[in-house]
Amino acid sequence: GLVRSAFSLKVQVVGARSHRRISTARVDVYVNYSRTYTVLTGDDGGVLLNITYRTVAPVTVVVSKDGYLPTALPYKANRLPIFSSVTVSLLALNQGNIWLYEDSVLIRGRSSDTSSWPVVQFPKSLLNLTDSGDITEVKAYLSVPQLREDSFQNAPGIMESTSGMCVSLDEPAVTL
């Protein structure tokens, strides 16, 4: 039969800018690309898991929490550890200013120094809106991670360049 093995995985979740521990963050662990574990971090921002596996397989830790960009930490090697401790930094979402036009959407960071904030513009048709006249609220989040040279280069969504951007739109509240 197949030999089952296990290793302990300690995941610590902190804010990317504040370095404070983040409690109740969702930690999903994927073994061989299948979600195997889902837990929430404790008051100390950490969680200890006992990961079981049958063969050497890729392991990916995905951490998420409302108000933060999700972060993935993949691990692929020819052997698995008996213990691993990782710290995952979550970047807080920054609410941006949004202008909704007949044909396009413009999102700009919320800062008095507008030259330092990126601007995102895209066709309004990409939004699933029925009638713009009934919109009472749309929120836009514009977060730009500051990647360090030692950033994990294989993380999904991170380009090889030293800059990146994430845009997220909340569902609009529509009055009837």
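Residues numbered from 1 in each chain as written. Predicted model: local features only at pLDDT ≥ 70, side-chain atom pairs only at ≥ 80, totals over all residues. Heavy atoms only, no water.

As recorded in an unreviewed UniProt entry, the protein chain goes by Protein FAM171B-like and comes from Takifugu rubripes.

1. Details of the sheet that holds strand β6 (residues 71-75)
Spatial strand order, β3-β2-β5-β6: four strands in an open sheet with antiparallel pairing. The open sheet has two edge strands, β3 (34-40) and β6, and neither has a second partner. Taken pair by pair, the neighbouring strands of this sheet meet at an average axis angle of 15 degrees, ignoring direction. Relative to β3, strand β2 (residues 26-31) runs antiparallel, the two sharing six bridges. (Pairing = 2+ DSSP bridges. Helix = DSSP H or I, 4+ residues; strand = E, 2+ residues; numbered from the N terminus. Axes fitted to C-alpha atoms, helices over the stretch in contact; angles between N-to-C directions.)

2. Things to note about the pattern of salt bridges
Applying the stated criterion to the full structure yields one salt bridge. Linking Arg26 and Asp28 is a salt bridge whose minimum nitrogen-to-oxygen distance equals 2.8 Å. Assessed through its relative accessible area of 6%, Asp28 is described here as buried. (Salt bridge = Lys/Arg side-chain N within 4 Å of Asp/Glu carboxyl O. Buried < 20%, exposed > 50% of the residue type's maximum accessible area, 1.4 Å probe, protein only.)

3. As for a nonpolar patch on the surface
A cluster of nonpolar side chains, namely Leu48, Ile82 and Phe83, defines an oily patch on the protein surface of about 380 Å² accessible area. Mapped onto the secondary structure, Ile82 falls in the loop between β6 and β7 (83-90). By relative accessible area, which is 76% here, Ile82 ends up exposed. (Patch = residues over 30% accessible without salt bridge, like charges linked within 9 Å, V, L, I, M, F, W, Y side chains within 5 Å. Areas by Shrake-Rupley, 256 points an atom, 1.4 Å probe, with all protein chains shown as cover.)

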